[in-house]
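The chain contents come next:
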Amino acid sequence: MKLYVIVPLCVLFTITQQISLSENCVCEFAQSEKSFPHDKLERVQGAALDCNSNLMPQKIIKLESLLLGLDRRLPVLEKDVSMLEKEDDGELYGVLSLYVIENEMTEINELIDKLNSTSLEQERVTAATTQQLQDLREEMQELETFDTMQVVKRQQANQRLKRDLQQCKNGLHPTHQPTEPPHGNCPYGQFLNISEPRVYTAGEYPGSYKYGAWGRDPKPEAGKESWYWRVILTSSNRYAHYVRFYSTLSSLIIGVSVPGNVQISPSNPTTNTIQGPNNVLYGGALYYNCYNKDAVCRFNLTSKIVTTLHLPKGTRYNAKGNFCNLEECYQCTDLDLATDESGIWVVYTTTQDFGNLVLSKVEEGEPPKLGQTWHTSVYKQAVTNTFMACGVLYATRYVNQEVEEIFYSFNPVTGQERFNVGIFMKKLAPNIQALNYSPVDQMLHAYCDSYMVSYKVQFELLDN
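Residues numbered from 1 in each chain as written. Predicted model: local features only at pLDDT ≥ 70, side-chain atom pairs only at ≥ 80, totals over all residues. Heavy atoms only, no water.

Colleague: Would you explain the side chain of aspartate 334 in this entry?
Modeller: The topology assignment puts aspartate 334 in the loop between strand S17 (329-330) and strand S18 (336-340). Nearest to the buried, unbridged aspartate 334 among oppositely charged side chains is lysine 380, at 6.0 Å. A polar contact is formed between the side chain of aspartate 334 and the backbone nitrogen of alanine 319, at a distance of 2.8 Å. Contact partners of aspartate 334, with chain neighbours within four places excluded, come to Arg316, Tyr317, Asn318, Ala319, Lys320, Gly321, Asn322, Val347, Tyr348 and Lys380. (Helix = DSSP H or I, 4+ residues; strand = E, 2+ residues; numbered from the N terminus. Buried < 20%, exposed > 50% of the residue type's maximum accessible area, 1.4 Å probe, protein only. Lys, Arg positive; Asp, Glu negative; His and termini not counted. Salt bridge = Lys/Arg side-chain N within 4 Å of Asp/Glu carboxyl O. Polar contact = N/O pair within 3.5 Å; in protein donor to acceptor, adjacent residues only side chain to side chain. Contact = heavy atoms within 4.5 Å.)

Colleague: Where do I start with the sheet that holds strand S10 (residues 259-263) in this structure?
Modeller: Hydrogen bonds between backbone groups are what pair the strands of a sheet, and the pairing can be parallel or antiparallel. Taken together, the four strands give an open sheet; going across it, the order is S6-S7-S9-S10, and neighbouring strands pair in antiparallel fashion. With one partner strand each, in any of the chains shown, strand S6 (212-215) and S10 form the two edges of the open sheet. Taken over all neighbouring pairs, the strand axes of this sheet differ in orientation by 20 degrees on average, direction set aside. One ladder, built from three bridges, connects strand S7 (residues 228-232) with strand S9 (residues 242-246); its direction is antiparallel. Considered in S9, the bridge of tryptophan 229 is made with phenylalanine 245. (Pairing = 2+ DSSP bridges. Axes fitted to C-alpha atoms, helices over the stretch in contact; angles between N-to-C directions.)

Colleague: I tried to follow unusual backbone geometry on my own but got confused; where do I start?
Modeller: The omega torsion across valine 258 and proline 259 is 15 degrees, close enough to zero to call that bond cis. Of the consecutive residues glutamate 366 and proline 367, the connecting peptide bond is found in the cis state with omega at 5 degrees. As for its position among the elements, proline 367 is in the loop between strand S20 (356-363) and strand S21 (369-379). Positive phi outside glycine occurs at serine 236, with the angle close to 60 degrees. Looking at where serine 236 falls in the secondary structure, it is placed in the loop between S7 and strand S8 (239-240). Not every positive phi belongs to a glycine, and asparagine 237 is a case in point at roughly 55 degrees. Tracing the backbone shows asparagine 237 in the loop between S7 and S8.

Colleague: What is the right way to read the state of the cysteines from this model?
Modeller: Think of a disulfide as a covalent bridge from one cysteine sulfur atom to another cysteine sulfur atom. In the structure shown here, the tally under the stated rule is three disulfides. Linked covalently through their sulfurs, cysteine 186 and cysteine 390 form a disulfide whose S-S length is 2.1 Å. Its S-S torsion of about 55 degrees marks the bond between cysteine 186 and cysteine 390 as right-handed, since a negative value means left-handed. Of the two residues, cysteine 186 is situated in the loop between helix H4 (151-172) and strand S4 (190-194) and cysteine 390 in the loop between strand S22 (385-389) and strand S23 (392-398); the sequence distance between them amounts to 204 residues. For cysteine 390, a relative accessible area of 7% puts it in the buried group. Between the sulfur atoms of cysteine 290 and its disulfide mate cysteine 297 the distance is 2.1 Å. Measuring the twist about the S-S bond at about 120 degrees, one finds the cysteine 290-cysteine 297 disulfide to be right-handed. Residue class for cysteine 290 comes out buried when judged on its relative accessible area of 1%. You can call cysteine 297 buried: its relative accessible area is 2%. If the cysteines joined by disulfides in the chain are listed in sequence order, their pairing comes out as 1-6, 2-3, 4-5. (Disulfide = S-S within 2.5 Å.)

Colleague: Even after reading the chapter, I still don't get the pairing of strand S14 (residues 295-300), so can you show me in this structure?
Modeller: On a regular strand, one side chain projects to one face of the sheet and the next to the other, so that they alternate. With six of its six residues buried, S14 lies for the most part within the structure. Here S14 shows no split at all, with Ala295, Cys297 and Phe299 on one side and Val296, Arg298 and Asn300 on the other all buried. Hairpin connection from strand S13 (residues 285-289) to S14: five residues lie between these consecutive antiparallel strands, with asparagine 292 at a positive phi of about 60 degrees. Relative to strand S15 (residues 306-310), S14 is paired through five bridges, and the arrangement is antiparallel. Residue pairing across strands places alanine 295 opposite histidine 310, the latter belonging to S15. Taking the residues between adjacent antiparallel strands as the criterion, S14 and S15 are bridged by five residues, where lysine 304 takes a positive phi near 65 degrees.

In structure tokens:
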């Protein structure tokens, strides 16, 4: 005789146990539910990743950058046309003015063409992404039917409760403003925050030349007020031998270099070669780390003469005092030149300072001279970049591939250091090789893995 015993194991399985007189045991499992479609879940996860890549902020900011360039270029064209109408003499002046306007129209048309193609691409991506999201929604709803124990629903309910609890806590304890760093004699007030990225462009070399710098001259020569400059380290991501100019922001965005390159040396690397990405332009001269020297070079764009400012004995150079993140150091970043409302500065380190940041004022001249020097307690290789704004030194550190933090400030006037500034920058590329603050328009220009990105510095006016 055989005895059959049926034992319910769970809602999904039924076990049938058979016991024979010969003491042989046979177990039969009968699954009462459909098998979970793991292959479909993997397809949904892959589609979600594709959807996220289509919605990257770089693509949106690229469109905004083109619009900004066009917005700044049209008033210039309108002004030139108005001037021609008032002062056309029918002779040489009129011919030259028409030539200038023709060139401006050509660049504006190129900008509009790029804007149109980018807009069409965005429309196509938007339509495709919308359909993809609808498909994902339907597939996820189908997958939820396999959740017989309602685990997903409970998780969603928990997330709603956590969100409501957080809102309740925020209501009882209002969020405070981020810690405000000290300030010098700044006409704008205290450095409070920075904006989302305003400009994002690769220029004429998308994806090439990872190291470089760009920005504006805070003290431009007459007629060059709207110019932008760019230094590209074309040799081993270490060296450059020319500085490139763009007549307007829109020219830089679309990658049209007019008036073009100004050559410093005939080749790389050699005497007067630019070493490292941390360069600035001020008063019609480029300041940079001299090739193979613990010195600052000043290249006069008009006379083409290079003069040298030697730094204190023991200054680390040739990649011995680089900026670093947690995983790597940025090569040839020993010297960091900076500009602000008060002029030119240089950040470096020495053996006497045991690798801590040193800040010196650079006095203009041919040759330039080293002004007052300050010593800080922040270790240079714990910093990814520095910049000056309104007489205050700021330092950044790497948080992750999407975020950089302005964590440190030093006020030379008061000697006060702060390590809890807590201003976060949204990055559009993992690394920032150079940061330049422009006192002309209070923009922070970043060179990020071959891309040029800018942020608006936000100040808070103080009550008198």
